[in-house]
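Understanding the architecture of this molecule
Okay, here's what each chain looks like letter by letter:
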Amino acid sequence: MIRPSLWILAWIASVVQYATAVPTWPSSIDELEDIMFLNTGYRSRGFAVAVTPCSFSAQGNGRIAAAEWIRTAFHDMATGSVFTGIGGLDASLVFETNGGENIGAAFNTTLTTFAPFLSSRASMADIIAMGVYTAVRSCGGPVVPVRTGRIDATAAGPEGVPLPQNPTGTFINQFARVGFNTTEMIAVTACGHTLGGVHAADFPQIVAAGTVANDFQHFDSTTIFDEKVASEFVSGTTTNPLVVGPSVGNGRNSDGRVFAADGNVTIKAMANPSTFASTCRTVLQKLIDVVPSGTALTDSITPYEVKPYAVQLTLLDGGATISFTGDIRVRTTVRPASQIANVQLVYKDRSGGTSCGSCIINTSYKGAAAGFDDSFTVRSFKKTTSVF
Ligand SMILES: *[C@@H]1O[C@H](CO)[C@@H](O)[C@H](O)[C@H]1NC(C)=O
Ligand SMILES: *[C@@H]1O[C@H](CO)[C@@H](O)[C@H](O)[C@H]1NC(C)=O
Ligand SMILES: *[C@@H]1O[C@H](CO)[C@@H](O)[C@H](O)[C@H]1NC(C)=O
Ligand SMILES: *[C@@H]1O[C@H](CO)[C@@H](O)[C@H](O)[C@H]1NC(C)=O
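Residues numbered from 1 in each chain as written. Chains lettered and ligands numbered in written order. Predicted model: local features only at pLDDT ≥ 70, side-chain atom pairs only at ≥ 80, totals over all residues. Heavy atoms only, no water.

1. As for the site of ligand 2
- Around ligand 2, the neighbouring residues are Asn 181, Thr 183 and Glu 184.
- The side chain of Asn 181 places a nitrogen or oxygen atom 2.3 Å from an oxygen atom of ligand 2.
- Side-chain polar atom of Thr 183 to a nitrogen atom of ligand 2: 2.8 Å apart, as the coordinates give it.
- In isolation ligand 2 has 360 Å² of accessible area, and contact with the protein removes 31% of it. (Near = heavy atom within 4 Å. Polar contact = N/O pair within 3.5 Å; in protein donor to acceptor, adjacent residues only side chain to side chain. Areas by Shrake-Rupley, 256 points an atom, 1.4 Å probe, with all protein chains shown as cover.)

2. What about the environment of Thr 113?
- Position of Thr 113 among the secondary structure elements: in helix α4 (residues 106-114).
- Look at Thr 113 and you get partly exposed, because its relative accessible area is 27%.
- Taking the C-alpha atoms as reference, Thr 113 lies 7.7 Å from Ala 50; in sequence the two are 63 residues apart. (Helix = DSSP H or I, 4+ residues; strand = E, 2+ residues; numbered from the N terminus. Buried < 20%, exposed > 50% of the residue type's maximum accessible area, 1.4 Å probe, protein only.)

3. Focus: the state of the cysteines
- Inspection of the entire model under this criterion finds three disulfides.
- One disulfide bridge connects Cys 54 with Cys 139, the sulfur atoms lying 2.1 Å from each other. Where Cys 54 bonds to Cys 139 through sulfur, the torsion about that S-S bond is close to 95°, and the disulfide is right-handed. With Cys 54 in the loop between β2 (40-41) and α3 (65-77) and Cys 139 in the loop between α5 (124-138) and α6 (168-177), this pair connects stretches of sequence that are 85 residues apart. (Disulfide = S-S within 2.5 Å.)

4. Brief notes about the site of ligand 3
- Every residue lining ligand 3 is accounted for by Phe 233, Val 234, Gly 263 and Asn 264.
- At 3.1 Å, a backbone N or O of Phe 233 approaches an oxygen atom of ligand 3.
- With respect to ligand 3, the side chain of Asn 264 contributes an N or O atom lying 2.3 Å from an oxygen atom.
- The fraction of the free accessible surface of ligand 3 (360 Å²) that becomes covered by protein chains is 42%.
- A breakdown of the residues in the shell around ligand 3 according to their chemical character gives two nonpolar, two polar and no charged. (Nonpolar A, V, L, I, M, F, W, Y, C, P; charged D, E, K, R; others polar.)

5. Overview of the domain arrangement of the protein
- When the domains of the protein are assigned, the result is domain 1 (4-27 + 304-386) and domain 2 (53-288).
- When each unit is reduced to the centre of its C-alpha atoms, the spacing between domain 1 and domain 2 is 42 Å. (Domains from an automatic or database assignment.)

6. Points about unusual backbone geometry
- Residue Pro 26 is reached from Trp 25 by a cis peptide bond, and omega for that bond is -5°.
- Tracing the sequence through the fold places Pro 26 in the loop between β1 (10-12) and α2 (30-37).
- Of the consecutive residues Thr 52 and Pro 53, the connecting peptide bond is found in the cis state with omega at -5°.
- On the secondary structure map, Pro 53 appears in the loop between β2 and α3.
- Its identity is not glycine, yet Ala 91 carries a phi of approximately 60°, on the positive side.
- Considering the arrangement of structural elements, one finds Ala 91 in the loop between α3 and α4.

7. What to know about the packing of helix α7 (residues 182-192) against helix α12 (residues 273-288)
- With their axes 9 Å apart at the nearest point, α7 and α12 run at an angle of 100° to one another. Relative to α12, the element α7 lies roughly perpendicular. Residues Glu 184, Ala 187, Val 188, Ala 190 and Cys 191 of α7 lie in contact with α12, whose contacting residues are Phe 276, Thr 279, Cys 280, Val 283, Leu 284, Lys 286 and Leu 287.
- When its residues are assigned to classes, the contact of α7 with α12 shows nine nonpolar, one polar and two charged. (Axes fitted to C-alpha atoms, helices over the stretch in contact; angles between N-to-C directions. Parallel < 35°, antiparallel > 145°, perpendicular 65-115°, else oblique. Contact = heavy atoms within 4.5 Å.)

8. Looking at the packing of aromatic side chains
- Tallied over the full model, the rule gives 10 aromatic pairs.
- Ring geometry for Phe 47 versus Trp 69: centroids 5.0 Å apart, planes at 40°, classification tilted. Remark: Trp 69 occurs in helix α3 and Phe 47 occurs in the loop between β2 and α3; sequence separation between them is 22 residues. Trp 69 matches Phe 47 in its accessibility class, with the two residues each being buried.
- Ring plane angle 70° and centroid distance 4.7 Å describe the contact between Trp 69 and Phe 114, whose orientation is recorded as edge-to-face. Within this pair, whereas Trp 69 is found in helix α3, its partner Phe 114 is found in helix α4, the two being separated by 45 residues in sequence.
- Note on Phe 114: relative accessible area 0%, which makes it buried.
- Chaining the aromatic ring pairs together yields one cluster made of Phe 47, Trp 69, Phe 114 and Phe 117.
- Taking NZ or CZ as reference, Lys 286 lies 5.3 Å from the ring centre of Phe 180, over its face.
- A cation over an aromatic ring shows up here: Arg 329 above the ring of Phe 376, its NZ or CZ 4.1 Å from the ring centre. (Phe/Tyr/Trp six-rings, centres within 6.5 Å; stacked < 30°, edge-to-face > 60°. Lys NZ or Arg CZ within 6 Å of the ring centre and 35° of its normal.)

9. Some details on the sheet that holds strand β10 (residues 375-385)
- Reading across from one edge, β2-β9-β10-β6-β5 is the order of the five strands in this open sheet, with antiparallel pairing throughout. The outermost strands of the open sheet, each flanked by one partner alone, are β2 and β5 (306-316).
- Alignment of β5 against strand β6 (residues 321-331), held across nine bridges, turns out to be antiparallel. Residue pairing in the sheet places Val 306 in a bridge with Val 330 of β6.
- Strand contacts of α2: β5, β6, β9 (364-370) and β10, with the helix running at about 125° to β5, the strand carrying the most contacts. (Pairing = 2+ DSSP bridges.)

Spelled out as structure tokens, the structure:
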């Protein structure tokens, strides 16, 4: 009999050099790996659709879903404590969207967008983390590594989201509670605020109604993930409503105070585009990896070189024959699809021998798929045999 779990060894007609450790299928990352890498094409999951292009929101003008996804992750984790081990990125925000510290429609919209992806193999907390990777990358930002294994809270968590009117010392303490020192506080604030802005309807003391398009004041002059939020602050040209405007008079100029908390050292460094990107990669990963104590996170998700799908054995002809079917996805990022002549499954019979004859199952082209940085080709196979 064919033993599928052992013989799904696709043989690829090219020399492969593996730069990093690749996952072994099956694994707990499998569902999230699909959500992360199959943006378009065959078997696409379409997670990135809601943040593509970067400026998009299904809610229309004046909303930016990518910014809201990052804000969602921050508001979820910001009430955690590395001292008590309670809270962090645990989707407790699901129970905390009725006002209070989580003002505005962004959180409900984001969680509703994420809901179809929730399953026993993808917790909402992991999906929120994936949202940071997806939103940042869709906007041209760095690759934020995503680990999995977050466990969803079953009730609201404590309060403690940093709010614009808080004194600077309170910000420093609140960020220290989630494990961020002052440098990291400044960096993660800038990284989060390179996208989006402030809505007059939610924060009338920060943006006055009727003063900007859509009553939505952006943090910087671009709608991509770039260093402008930092460089425009440093050069004195910023229009960030948390730095200039009415917020200065009523103490809600939180970005101005946070950015200056170390004498502008960090924000000046982040005015450099490559420093901005690399710093954001580090602090945004740190942000999504603040999890309740006892949570065991996996290694960062990397794409499989070869991944099977829908592998199925079916008895036919009253049990006289057996059909073995499925798909094989091959990563073509560094191994051009054009150089793959064939993909074959090589197997052996139940005693490890070759009574199966050539013991090869050929595959045929099924489709192509792509993520932000990876491409794939998918081939399917169907073998019917009476030898088992
Ligand atoms: C978000 O959803 C919750 C639960 O349905 C509701 O109580 C709350 O009013 C909503 N918030 C906004 C801003 O729409
Ligand atoms: C904050 O932590 C980072 C990473 O460990 C470190 O590089 C930086 O110097 C620290 N900053 C302060 C102010 O301690
Ligand atoms: C920090 O930068 C801001 C904006 O350019 C400026 O107003 C402030 O004086 C600077 N602070 C220090 C200590 O350099
Ligand atoms: C598989 O395909 C190759 C050509 O790529 C062909 O030579 C071979 O006979 C096929 N084997 C089977 C078992 O269909």
